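Reading the structure
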Amino acid sequence: MSEPSTVLVVDDEIGPRESLRAILKPEYQVLVAAEGEQAIHMVEQTPVDVVLLDLRMPGVSGIRVLERIKAINPDIEVILITGYASYETVLQALRLHAFDYIPKPFNIPQLRDLVRRAVTQRHTSVKRCDLNEANDACERMQDPHLLELTAELSITRKQLEEIRTVLSRNLHGALRTLEEGAQKLAVHYASQLDPPGQEALQQVHMAAFQVAKSLRAVLPQDIPLQSTWQAIPSPTPLSSACSQ
């Protein structure tokens, strides 16, 4: 379950401040500040998603607090609370990218809806920032050395494939000749050899078979090969060859 969003209420009057805390507490983590400097310090020290900010306060003005909050984190959404502010003041605040404003006294359903929309906007901004940071990290990983190494690996892989293709095309004929020659020797001439000669012929026959079988396992199978190489017969035992 995700943590509730954090809303900071900034109002020098305890009545409106505590009313807002009570209204929002069931859905959000609510922080309160009684004046501007305290609010700015809290934003610097604590992650905040939405600020409900009274425009008219003693000390640091609401407009100044808004400017400093946006300087700390422009993605924090600020909703202005105004009871006496002029149209020009509200317009100035909106130009500073305040999310919206709500007059005193509060309309509770309107207030809840406004805060909910501000929280949604804040979460959208956070996701966008996370995506941008991930993209930046990927770009940082694409340094020249890594790109050069990747290119070299790609070239090497292609060269290996070309070598396999050339070997397949050039060796299958020679292997077929070797296998067929060994087979013919075993069938037609084994009986004319003494036991050491028969053993040597059998070793040549087996070696030809094993080499052809091993190469077929590693060379590309999409190269057109002679059927005699694709289906190499097992070596004929010399005892059988002699009987023929």
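Note on numbering: residues in each chain are counted from 1, in written sequence order. Where totals are concerned, whole chains, interfaces and linings use all residues; where local detail is concerned, this predicted model gives features only for residues with pLDDT of at least 70, and gives and counts side-chain atom pairs only at 80 or more. Excluding hydrogens and water, the side-chain values take into account all heavy atoms of the structure.

**A word on the overall build of the protein**
Note the following rule: Only runs of H or I of at least four residues qualify as helices and only runs of E of at least two qualify as strands under DSSP, and these elements are numbered from the N terminus. Burial status follows relative accessibility: with a 1.4 Å probe on protein chains alone, a residue under 20% of its type maximum counts as buried, one over 50% as exposed, and anything between as partly exposed. When checking whether two residues touch, look at their non-hydrogen atoms; a contact exists if any pair is within 4.5 Å. Here, Shrake-Rupley sampling with a 1.4 Å probe gives the accessible areas, and only protein chains in the shown set may cover a residue.
The secondary structure content of the protein amounts to nine helices and five strands. Order of helices (α) and strands (β) in the protein, N terminus to C terminus: β-α-β-α-β-α-β-α-β-α-α-α-α-α. For the protein, the proportion of its 244 residues judged to be buried stands at 33%. Residue pairs in contact within the protein that sit at least 24 positions apart in sequence constitute 63% of those at least 6 positions apart. Per element, the accessible surface of the protein, about 14,900 Å² overall, is 56% carbon and sulfur.

**Thoughts on helix α3 (residues 62–72)**
This is how the line gets drawn: Here the arc refers to the directions that run from the helix axis out to each C-beta atom.
Those residues of α3 that sit buried are Gly62, Ile63, Val65, Leu66, Ile69 and Lys70. What you see down the axis of α3 is that its buried residues fit within an arc of 160°, all on one side.

**Some remarks on the sheet that holds strand β4 (residues 77–82)**
To keep it simple, the criterion reads: Each pair of strands is called paired provided DSSP finds at least two bridges between the two strands. Interaxial angles span 0 to 180 degrees and are taken between N-to-C directions of axes, which are lines fitted to C-alpha atoms, for helices over the stretch in contact.
Reading across the sheet, the five strands line up as β2-β1-β3-β4-β5 and stay open at both edges, with parallel pairing between neighbours. Each of the sheet's edge strands pairs with one partner strand only, and the pair in question is β2 (29–33) and β5 (100–103). The sheet shows a mean angle of 20° between the axes of neighbouring strands, direction not considered. In terms of strand pairing, strand β1 (residues 6–10) meets strand β3 (residues 50–54) through four bridges, oriented parallel. Across the sheet, valine 10 pairs through a bridge with leucine 53, a residue of β3. On top of the sheet, helix α2 (residues 36–45) reaches β1 and β2; it is set at about 140° to β2, its chief contact.

**Section: unusual backbone geometry**
Glycine aside, residues mostly have negative phi angles, and peptide bonds mostly take the trans form. In this chain, lysine 104 is followed by proline 105 through a cis amide linkage whose omega measures -10°. By the secondary structure assignment, proline 105 is in the loop between β5 and α5 (108–141). The backbone phi angle of histidine 97 is positive, close to 75°, even though this residue is not glycine. Counting through the fold element by element, histidine 97 comes out in the loop between α4 (87–95) and β5.

**Concerning the environment of methionine 206**
Tracing the backbone through its elements, the reader meets methionine 206 in helix α7 (residues 195–218). Judged by its relative accessible area of 32%, methionine 206 falls in the partly exposed class. Between the alpha carbons of methionine 206 and glutamine 183 there is a distance of 9.7 Å; along the sequence they are 23 residues apart.

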